[in-house]
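Remarks on the overall topology
The lines below spell out each chain.
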Amino acid sequence: MDVDLRKLRYFVAVAEELHFGRAAERLHIAQPVLSRQIRAFEDELRVQLFVRSKRATELTPAGRQLLDDARPLLASAEAVRRRVTQAARGPKTFTVGFMPGITVTPAVRAFAAAHPEVEVEVIRTTWDDQVDVLHDGRVDVSIVRLPIDQQALTIRPLFEEPRVAMLPSDHRLAGKPVIDITDLAGEHLLQEPDAVPEWRDIALELRTGAPKPLPALRSVEEKLEHVATGTGISILPLSVATFYHRSDVAAVPVNDLATNKVCLAWIASRRSRLIYDFADLAATVDWTPQR
């Protein structure tokens, strides 16, 4: 059976909102139409995707599995659409994604000089979308910070750099030339614990079983605002800490933190000469973080 991508998009909207009315508004269609489309989709798949009641809409086990599979499938379909549209427009465009703290200018200039017929664009990414922009076709290559989900990607290492603890300027450790990760055992980390396993292994709030909730932070700027106001601490690559320097936040070196690995990534199935040329060029560029 062929999967109808339109119905799949409708399903994802309902699955993410868990509310037919909000999903219909998001999709700009009438709620009865959305309900009929979802019922038709369930009939086609011969499974129940949602458990509906007057009070709530919940995913069934089949619905949860479909949601996991649907997101990358829709991203791939969107990537195909973007590349076909780009090919139809005529002049080639090559887009590079990059994470905060990473300067891509030398690589972009060198690539543009080698390919004057290509328009080079750049997109700043975040921890949340640095891989998504590859899968949905927004970028051709992305300069990423590990760890990431490397499935279906080709990865080329570029450089490594130290990570530092970001503390309020009046913190008891702010003036130290260097600290150990154990010095931060009693702090609240404004990141997922798995992002800093060294802290996770000794964190008091995780041992007590009562960790504080994490605020929704979408950018480095938001994270540093929370650090400055004393909500918690953060661990950042040195180049990010340097780029976003501010007087009310102190960057303190940490002895026993693993370095942050920066890599070039692209979709493994793509056979683009431009991607290979950029990868070869990137290997020759000095990626030393700016101080």
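In case you missed it, the structure is sitting above this.
From a predicted model like this one, the values you see are computed outputs, not experimental measurements.

**A short note on the overall build of the protein chain**
When you go through the protein chain residue by residue, the secondary structure sums to 11 helices and 10 strands. For the protein chain, the proportion of its 291 residues judged to be buried stands at 45%. The contacts in the protein chain between residues at least 6 apart in sequence include a share of 67% that link residues at least 24 apart. Carbon and sulfur atoms form 52% of the exposed surface of the protein chain, whose accessible area is close to 15,700 Å². Between the centroid of the 37 positive side chains of the protein chain and the centroid of its 40 negative side chains there is a distance of 5 Å.

**Quick look at the packing of aromatic side chains**
For any pair of aromatic rings, the description rests on two quantities: the centre-to-centre distance and the angle between the ring planes. Applying the stated criterion to the full structure yields seven aromatic pairs. Arranged with centres 5.6 Å apart and planes meeting at 35°, the rings of Phe94 and Phe278 form a pair that is tilted. With Phe94 in strand β3 (residues 93-98) and Phe278 in helix α11 (residues 273-282), this pair connects stretches of sequence that are 184 residues apart. Here the aromatic rings of Phe159 and Trp287 are separated by 6.5 Å at their centres, their planes lie at 15°, and the arrangement is stacked. With Phe159 in strand β6 (residues 153-161) and Trp287 in the segment after α11, this pair connects stretches of sequence that are 128 residues apart.

**A closer look at the sheet that holds strand β9 (residues 249-253)**
Spatial strand order, β8-β7-β9: three strands in an open sheet with antiparallel pairing. Whereas interior strands pair on both sides, the edge strands pair on one side only; in this sheet they are β8 (234-237) and β9. Each neighbouring strand pair of the sheet contributes to a mean axis angle of 40°, computed without reference to strand direction. Looking at chain direction, strand β7 (residues 163-168) and β9 are connected through five bridges and run antiparallel. Across the sheet, residue Leu167 finds its bridge partner in β9, namely Ala250.

**Side note on the packing of helix α1 (residues 5-17) against helix α2 (residues 20-27)**
Packing of α1 against α2 brings their axes to within 8 Å, and their N-to-C directions diverge by 130°. On the basis of their axis angle, the class for α1 and α2 is oblique. Handedness of the crossing formed by α1 with α2: right-handed. Between α1, through Arg9, Tyr10, Ala13, Val14, Glu16 and Glu17, and α2, the contact on the second element is made entirely by Phe20, Arg22, Ala23, Arg26 and Leu27. Class assignment of the residues belonging to the contact of α1 with α2 gives a composition of six nonpolar, no polar and five charged.

**Regarding the pattern of salt bridges**
Enumeration according to the criterion identifies 19 salt bridges in this entry. Two residues, Arg138 and Asp136, come together in a salt bridge whose shortest N-O distance is 2.8 Å. Arg138 sits in the partly exposed class, given a relative accessible area of 30%. The residue Arg145 makes a salt bridge to Glu161 at a minimum N-O spacing of 2.8 Å. Remark: Glu161 occurs in strand β6 and Arg145 occurs in strand β5 (residues 141-145); sequence separation between them is 16 residues. Residue Arg145 is classed as buried on the basis of its relative accessible area, which comes to 1%. You can call Glu161 buried: its relative accessible area is 1%. Linked by salt bridges that have partners in common, Glu16, Glu17, Arg22, Arg26 and Arg71 make up one network.

**Focus on the environment of Trp127**
Here Trp127 lies in the loop between β4 (119-124) and α6 (132-135). Exposure remark for Trp127: the relative accessible area of 40% places this residue in the partly exposed category. Separated by 52 residues in the primary sequence, Trp127 and Ala75 have C-alpha atoms spaced 17 Å apart. In this structure, Trp127 is in contact with Met99, Arg145, Leu146, Lys223 and Asn260, ignoring residues within four places of it in sequence.

**As for the sheet that holds β3**
Here five strands make up an open sheet; going across it, the order is β4-β3-β5-β10-β6 and the pairing mixed. A strand with exactly one partner marks an edge of an open sheet, and here the two such strands are β4 and β6. Between one strand and the next, the sheet's axes are offset by a mean angle of 20°, whatever the strand orientation. Direction of pairing for β3 relative to β5: parallel, over a ladder of three bridges. Residue pairing in the sheet places Phe98 in a bridge with Ile143 of β5.

**Details of the environment of Arg207**
Among the structural elements, Arg207 can be located in helix α8 (residues 204-207). A residue is classified by how much of its surface remains accessible, and Arg207, at 60% relative accessible area, is exposed. The contacts of Arg207, once residues within four sequence positions are left out, are Asp201 and Ile202.

**Concerning the packing of α2 against helix α3 (residues 31-45)**
When two helices pack together, their arrangement is given by the angle between their axes and by how far apart the axes lie. Their axes nearest at 9 Å, the elements α2 and α3 cross at an angle of 105°. In terms of their interaxial angle, α2 and α3 are classed as roughly perpendicular. Across the interface between the two elements, Phe20, Gly21, Ala23, Ala24 and Leu27 from α2 touch Gln31, Leu34, Ser35 and Ile38 from α3. Here the contact of α2 with α3 is built from residues that sort into six nonpolar, three polar and no charged.

Thresholds applied
Residues numbered from 1 in each chain as written. Predicted model: local features only at pLDDT ≥ 70, side-chain atom pairs only at ≥ 80, totals over all residues. Heavy atoms only, no water. Helix = DSSP H or I, 4+ residues; strand = E, 2+ residues; numbered from the N terminus. Buried < 20%, exposed > 50% of the residue type's maximum accessible area, 1.4 Å probe, protein only. Contact = heavy atoms within 4.5 Å. Areas by Shrake-Rupley, 256 points an atom, 1.4 Å probe, with all protein chains shown as cover. Lys, Arg positive; Asp, Glu negative; His and termini not counted. Charge placed at Lys NZ, Arg CZ, Asp CG, Glu CD. Phe/Tyr/Trp six-rings, centres within 6.5 Å; stacked < 30°, edge-to-face > 60°. Pairing = 2+ DSSP bridges. Axes fitted to C-alpha atoms, helices over the stretch in contact; angles between N-to-C directions. Parallel < 35°, antiparallel > 145°, perpendicular 65-115°, else oblique. Left-handed = near helix turned anticlockwise from the far one by under 90°. Nonpolar A, V, L, I, M, F, W, Y, C, P; charged D, E, K, R; others polar. Salt bridge = Lys/Arg side-chain N within 4 Å of Asp/Glu carboxyl O.

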